[in-house]
Amino acid sequence: SFLKEALFPRPSRENIALLLDDSTATAKRIFEYTSGVLRRAKLPFEVIRKEQFSRLLPGDLRAFTAVGLILKDDAGLKAAVLEHYLQQGGGVVSLSGGDFRELRAPLALKESLGASKIITGYKLRYGFLLGEGLSLEEATFEWLPGANSPAKGAEVLASSYRGSFPLLWTAERGKGRLLFWNWDGFETGDFQDRKSVV
C-alpha cells in the first residue's frame, strides 16, 4: 500500500487528462471547444497526444480525476490503460463518435453500425441535466452520429429525436463510470451556452 500511494498518489483536486488525436479538423474543433470550457470553468487539464499513447501503461492515468477522449479511432491506445483506470474508480468521457475496435470493452461498445448519415434532432432524457426533472429536446439540429452502438448493460441517456439512434450512454466499469457521446456535435459552437450538457 505504501509503495502504491508513493508511486501513484491519488489526486487532491480536479485534474483532467485529454487524450487527443488532432489529425482531423473535427478533432481540432472539439479540442478547442473542450479546452475552452475547461479554462472558463478553471479546471486544470493536461493534454496527452497520440504520439504518447504507445508509452502509456495501466496506472499512468491514476493522477487524473477524469479522462476525456478526443479520438477518431483507437489511435494506438491500449484497452488495458482505460480498463485499469476505470476499475480503480476513474471517469472516462468520449467526446466524439469514432471507429473503435480495440477499445470496445472499456467504452461499452458492441459492433460498429458502419457508415452513418446526418440525423435531425435529439432528446436527452429527464434527470440528465443537473439531476433535475428536465429534459432537453431539439427537433431541428443536424448531427453526424458515430458508427457505434451501446453494449448490453449500458444505459442510454439520449437518442435521436425519434429515438432510433443512440446519442449518449453511460456504463459502470469496475468502480468507475463511462460516458460516451456518439456524435461530433462538440465541434460546433452551438453548445458553448449549454455547459451543463458537457
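As a convention, each chain's residues are numbered from 1 in the sequence order in which they are written. pLDDT decides what is reported in this predicted model: residues at 70 or higher carry local features, side-chain atom pairs at 80 or more are listed and counted, and totals for whole chains, interfaces and linings draw on all residues regardless. Only hydrogens and water are removed before side-chain values are computed, so all heavy atoms of the structure are retained for them.

Draft legend 1. Spotlight on the environment of Leu 107. Put simply, DSSP H or I for four residues or longer makes a helix, DSSP E for two residues or longer makes a strand, and each gets a number counted from the N terminus. With respect to the helices and strands, the residue Leu 107 is situated in the loop between β4 (91–94) and β5 (119–124). Put simply, Leu 107 and Arg 173 are 66 residues apart on the chain and 9.0 Å apart in space, counted from C-alpha to C-alpha. Whether two residues are in contact is decided by their heavy atoms: any pair within 4.5 Å suffices. Discounting residues that sit within four places of it in the chain, Leu 107 has contacts with Leu 69, Leu 82, Val 92, Phe 100, Trp 169, Leu 178 and Phe 180.

Draft legend 2. Seen up close, the sheet that holds β5. Read across the open sheet, the nine strands follow the order β2-β1-β3-β4-β9-β8-β7-β5-β6; overall the sheet is mixed. Each edge of the open sheet is held by one strand with a lone partner, namely β2 (45–49) and β6 (136–143). Ignoring strand direction, the axes of neighbouring strands in this sheet form an average angle of 20°. For two strands to be treated as a pair, DSSP must find at least two bridges joining them. Here β4 pairs with strand β9 (residues 176–181) via four bridges, running parallel. If you follow Val 92 over to β9, its bridge partner there is Leu 178. Orientation is described by axes fitted as lines to C-alpha atoms, over the contacting stretch for helices, and by angles from 0 to 180 degrees between their N-to-C directions. In the packing of helix α2 (residues 25–40) onto the sheet, the strands contacted are β1 (16–20), β2 and β3 (66–70), and the crossing angle to β1 comes to about 170°.

Draft legend 3. Examining the pattern of salt bridges more closely. Every case where a carboxyl oxygen of Asp or Glu lies within 4 Å of a side-chain nitrogen of Lys or Arg is listed as a salt bridge. Under the counting rule described, the total for this entry stands at four salt bridges. The shortest N-O distance in the salt bridge between Lys 50 and Asp 21 comes to 3.9 Å. Linking Lys 50 in helix α3 (residues 50–53) with Asp 21 in the loop between β1 and α2, this pair joins segments that are 29 residues apart in sequence. Using a 1.4 Å probe on the protein chains alone, a residue whose accessible area is under 20% of its type maximum counts as buried, one over 50% counts as exposed, and one in between counts as partly exposed. Taking relative accessible area as the criterion, Asp 21 reaches 3% and is therefore assigned buried. Between Glu 172 and Arg 177 there is a salt bridge; the shortest N-O distance is 2.8 Å. Using a relative accessible area of 39% as the deciding quantity, one classes Arg 177 as partly exposed.

Draft legend 4. The arrangement of the side chain of Ser 35 in detail. Assignment of secondary structure puts Ser 35 in helix α2. The class for Ser 35 is buried, based on a relative accessible area of 2%.

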